[in-house]
Amino acid sequence: MRHKTHTDAPAAPTAADPFDQVFEDISLGWDQDVPLECECDHGDEEAYAPCGRRAKWRVTIDCTCGENHPRTVELLCTKCLRTARKDLGNEAITARPL
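Since this is a predicted model, take the numbers as computed values, not measurements.

Caption draft 1: Layout of the pattern of salt bridges. Per the counting criterion, the structure on display carries 1 salt bridge. Between aspartate 62 and arginine 71 there is a salt bridge; the shortest N-O distance is 2.6 Å. Residue arginine 71 is classed as exposed on the basis of its relative accessible area of 56%.

Caption draft 2: Quick look at helix α2 (residues 78-88). Within the sequence span of α2, burial applies to Cys80, Leu81 and Ala84. Along the axis of α2, the buried residues cluster in a sector spanning 105°; they form a single face. In α2, the exposed residues that point more than 90 degrees away from the buried face are Arg82 and Lys86. Tucked inside the fold, the buried residues of α2 contact β1 (57-62), β2 (72-76) and β3 (92-97). Positive phi appears at glycine 89, one or two residues downstream of α2, with a value of about 50°.

Each value, and the rule that gives it
- Residues numbered from 1 in each chain as written.
- Predicted model: local features only at pLDDT ≥ 70, side-chain atom pairs only at ≥ 80, totals over all residues.
- Heavy atoms only, no water.
- Salt bridge = Lys/Arg side-chain N within 4 Å of Asp/Glu carboxyl O.
- Buried < 20%, exposed > 50% of the residue type's maximum accessible area, 1.4 Å probe, protein only.
- Helix = DSSP H or I, 4+ residues; strand = E, 2+ residues; numbered from the N terminus.
- Arc of directions from axis to C-beta.
- Contact = heavy atoms within 4.5 Å.

See below:
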């Protein structure tokens, strides 16, 4: 059986959108080879001090008080996720593994 062959020359690569390229470069600081750190704040009122342990969870926190506070998304280690669940009590917390 004969197969039709495609004779057109391959298209030249197009220049990537600068916004897409910058977004890929930044990639929100996420690199496959670099472990993500927990974003939980262990500092005081004067300065932010990240936890430093390896993040394992992407945690979404939805306010349930009825005042439509904005949704929060954090990367947390297991220990800080457990603490957040205790501290936030009634808030709707959804955790997904990274």
